[in-house]
2 protein chains.
Amino acid sequence: MPRGGKRAGAGRPKGTGKYAEPTKAIRVPVSMVDKILEYAHSGGFQLPLYGGKVAAGCPAPTDDYIEGMMDLSEHLVHDPATTFFVRVTGYSMLNAGIHPDDILVVDRGLEARHGKIVIAAVDGELTVKRLYKKDNLVRLMPENDDFEPIDIAPQETLHIWGVVTNVIHAL
Amino acid sequence: MPRGGKRAGAGRPKGTGKYAEPTKAIRVPVSMVDKILEYAHSGGFQLPLYGGKVAAGCPAPTDDYIEGMMDLSEHLVHDPATTFFVRVTGYSMLNAGIHPDDILVVDRGLEARHGKIVIAAVDGELTVKRLYKKDNLVRLMPENDDFEPIDIAPQETLHIWGVVTNVIHAL
DNA sequence: TAAATAGAATAATGTACTTTTATCAATATG
DNA sequence: CATATTGATAAAAGTACATTATTCTATTTA
């Protein structure tokens, strides 16, 4: 004999799936399936960003004081097509807070203007320096007194790879 | 009259799709469809990482000198469940290369040992300090001579949110 | 009368199938 | 004979459908 039947509230409720929201079938490369599922499940690598204020003696991170959610790649990489990373070697930019083994976020889509910190190819090496570009004078300025500026003669061409936007330093 | 016909090489060739490889249909939350498609299309936010050496006068980034491909989130976030970000306020850790408005990557899954830089909740504020923890003495040490260490009395409990693993500094 | 159970309803999920797209070679054309 | 056209073919892409999972309540049972 029939039980249940048509009535309000019957059936599986909405939002009881893995993602607590409607889903859609999309096609992705086989090699990335696992990574994408992880990405989807973790909410796109969005992690909480906290500001300065919390309740006195607040023992652990709570939603109450979240400034927002943030994805690092999204935050640091404006245009994936023009962005790349460079591992720092040397101490020439120490006073700019750039240490050996730091990772620099570099955008070659930005204009290399006077005063910007840039990545340049000089003598088979990548160097980080502050660009000096005034009165037809082009110089790569270190920010460490132990190093000398590199003058670029007018006939030489300076190969600038891009402008440094961020420094990532491990502790 | 029939043209074409059954023959070797007929049909759409493999690898002529968007991803140049076979795809699979998977289900993802509707709200993330766009982000995931972007993620899939950009190869998972993997961007080139360059080391120090390139050919002299190499005018632009080339594959020849890539050290590898890197995803920032993957590289900086070991465990999404225990990681969060904190925006820096104040100058108390300047000598450790931590400036105002920098973003710190913090892992609360790591043990807060002596000598580590930690995030602690003190008097309703989040502070970054180096943890001093020896001989039953607990102190939060600034790295800037203009600031004083914060002593934690034995009866007080210090609320440590996590250990700072990376500093992200915008230029 | 209270607890257990089976049936129905409906969302969620995964995959099979249909539609679209790209390429090749046989044929037609100039 | 060189070039353009056409239809067959097969991969790629998107979607519909069948399956699975979950919840609710009417009925049964103790």
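Remember, predicted model here, so these are calculated numbers, not experimental data.

**Considerations on the overall build of chain A**
- Scanning chain A from N- to C-terminus turns up two helices and ten strands.
- Written out in order from the N terminus, the α and β elements of chain A read β-α-β-β-α-β-β-β-β-β-β-β.
- In summary, chain A has a C-alpha radius of gyration of 26 Å against a globular reference of 16 Å for 171 residues, an excess of more than 25%.
- Dimensions of chain A, computed from the C-alpha atoms along their principal axes, are close to 95 × 50 × 25 Å.

**Considering the relation of the copies chain A and chain B**
- Overlaying chain A on chain B yields an RMSD of 0.2 Å, the required transformation being a rotation through 180° with an accompanying axial translation of 0.1 Å. Look at the turn and shift together and you get a two-fold axis relating the two. Relative to the rotation axis, the closest C-alpha in chain A is found at A:Ile168, a distance of 2.4 Å.
- A symmetric contact is evident, with 100% of the interface residues of chain A recurring at the interface of chain B.

**What to know about the domain arrangement of chain A**
- Looking at the assigned domains, one finds that chain A contains domain 1 (30-75) and domain 2 (83-168).
- For domain 1 of chain A versus domain 2 of chain A, the distance between C-alpha centres works out to 33 Å.

**Brief notes about the packing of aromatic side chains**
- For the coordinates displayed, the defined rule picks out eleven aromatic pairs over all chains.
- Note on A:Tyr50 and B:Trp161: the rings are 5.1 Å apart at their centroids and 80° apart in plane angle, and the pair reads as edge-to-face. Of this pair, A:Tyr50 sits in strand β2 (residues 47-50) while B:Trp161 sits in strand β10 (residues 159-170), which puts the two residues in different chains. The pair formed by A:Tyr50 and B:Trp161 is uniform in burial state, with each residue classed as buried.
- Among the aromatic side chains, those forming a connected cluster through ring pairs are A:Tyr39, A:Phe45, B:Tyr39 and B:Phe45.

**Digging into the environment of B:Ala60**
- Of note, B:Ala60 is situated in the loop between β2 (47-50) and β3 (66-70).
- Sequence separation between B:Ala60 and B:Ala20 is 40 residues; the distance between their C-alpha atoms is 26 Å.

**Remarks on helix α1 (residues 33-41) of chain A**
- Where α1(A) is concerned, the buried positions are A:Val33, A:Ile36, A:Tyr39 and A:Ala40. In a view along the axis of α1(A), the buried residues occupy a sector of 125°, so they form one face of it. Across α1(A) from its buried face, at more than 90 degrees, point the exposed residues A:Asp34 and A:His41.
- As for α1(A), its buried residues are in contact with β1 (23-29) of chain A together with β1 (23-29) and α1 (33-41) of chain B.

**A closer look at the packing of α1(A) against α1(B)**
- As a packed pair, α1(A) and α1(B) sit with axes 11 Å apart at the nearest point and diverge in direction by 145°. Pair α1(A) / α1(B) crosses with right-handed handedness. For the pair α1(A) and α1(B), the contacting residues are A:Lys35, A:Ile36, A:Tyr39 and A:Ala40 in the first and B:Lys35, B:Ile36, B:Tyr39 and B:Ala40 in the second.

**Topic: the nonpolar core**
- Within the largest apolar cluster, 20 residues are counted, with the highest numbers of intra-cluster contacts made by A:Leu72, A:Phe85, A:Ile168, B:Leu72, B:Phe85 and B:Ile168.
- Elements with a minimum of two residues in this core: β2, α2 (72-76) and β5 (103-107) of chain A together with β2, α2 (72-76) and β5 (103-107) of chain B.
- When neighbours within four sequence positions are excluded, A:Phe85 is seen to be in contact with A:Ile103, A:Leu104, A:Val105, B:Leu47, B:Pro48, B:Leu49, B:Tyr50, B:Met70 and B:Leu72.

**Here we look at the interface of chain A and chain B**
- Contact residues are listed per partner, giving 74 residues for chain A and 74 residues for chain B.
- Buried area between chain A and chain B, summed over both chains or domains, comes out near 7,000 Å², and the portion from carbon and sulfur atoms is 66%.
- Our enumeration of links across chain A and chain B arrives at four salt bridges.
- Our count for the chain A to chain B interface comes out at 24 residue pairs in polar contact (both at pLDDT 80 or more).
- Here the side of chain A that touches chain B gets ten residues from one element, more than from any other, and that element is strand β10 (residues 159-170) of chain A.

**A closer look at α1(B)**
- Of the surrounding secondary structure, the elements contacted by the buried residues of α1(B) are β1 and α1 of chain A together with β1 of chain B.
- Once α1(B) ends, the next one or two residues include B:Gly43, with phi positive near 70°.

**A short note on a nonpolar patch on the surface**
Residue and element names in this part refer to chain A.
- Where nonpolar side chains cluster on the molecular surface, the patch consists of Tyr 91, Leu 94 and Phe 147 and spans about 280 Å² of accessible area.
- In this structure, Leu 94 sits in the loop between β4 (83-87) and β5.
- For Leu 94, a relative accessible area of 32% corresponds to the partly exposed category.

**Comments concerning unusual backbone geometry**
- Backbone geometry places A:Ala20, a non-glycine residue, at a positive phi of 55°.
- Among the structural elements, A:Ala20 can be located in the segment before β1.
- The backbone of B:Asn136 shows a phi angle near 60°, a positive value even though the residue is not glycine.
- In this structure, B:Asn136 sits in the loop between β7 (125-134) and β8 (137-141).

Cut-offs and rules
Throughout, a residue's number is its position along its own chain's written sequence, starting from 1. Ligands are numbered from 1 and chains lettered from A, in the order in which they are written. Where totals are concerned, whole chains, interfaces and linings use all residues; where local detail is concerned, this predicted model gives features only for residues with pLDDT of at least 70, and gives and counts side-chain atom pairs only at 80 or more. Side-chain measures here rest on the full set of heavy atoms in the structure, leaving out hydrogens and waters. Numbering of helices and strands runs from the N terminus, with a helix taken as a DSSP run of H or I at least four residues long and a strand as a DSSP run of E at least two residues long. Using C-alpha atoms as the atom set, the radius of gyration is obtained and then compared with a globule rule of 2.2 Å times the number of residues to the power 0.38. What sets the superposition is a least-squares fit of C-alpha atoms, and only residues with pLDDT of at least 70 in both copies go into it. Two residues form a contact once any of their heavy atoms are found within 4.5 Å. Where a domain begins and ends is set by an automatic assignment or by a domain database. By convention, a stacked pair of Phe, Tyr or Trp rings (six-membered ring in the case of Trp) has centres within 6.5 Å and planes under 30 degrees apart, an edge-to-face pair has planes over 60 apart, and any other such pair is tilted. Relative accessible area decides the class of each residue, using a 1.4 Å probe on protein chains only: under 20% of the type maximum gives buried, over 50% gives exposed, and in between gives partly exposed. To be clear, the arc concerns the directions from the helix axis to the C-beta atoms. Every axis in this analysis is a line fitted to C-alpha atoms, fitted for helices over the stretch in contact. Angles between the N-to-C directions lie between 0 and 180 degrees. Two helices that cross are described as forming a left-handed crossing if the nearer one is turned anticlockwise from the farther one by less than a right angle, and a right-handed crossing if clockwise. Buried residues of nine kinds, namely Ala, Val, Leu, Ile, Met, Phe, Trp, Tyr and Cys, make up a nonpolar core once their side-chain atoms join them within 4.5 Å. Two parts placed together each lose some accessible area; with a 1.4 Å probe, that loss summed over both constitutes the buried area. Salt bridge, as applied in this entry: a Lys or Arg side-chain nitrogen positioned within 4 Å of an Asp or Glu carboxyl oxygen. Polar contact is the term for a pair of N or O atoms within 3.5 Å; when the atoms are in protein, one must be able to donate a hydrogen and the other to accept it, and sequence-neighboring residues count only if both atoms are side-chain atoms. The patch calculation keeps residues exceeding 30% relative accessible area without a salt bridge and links them within 9 Å when they carry like charges or within 5 Å when they are nonpolar (Val, Leu, Ile, Met, Phe, Trp, Tyr). Here the accessible surface of atoms and residues is derived via Shrake-Rupley with a 1.4 Å probe, and residues count as covered only by protein chains that are part of the display.

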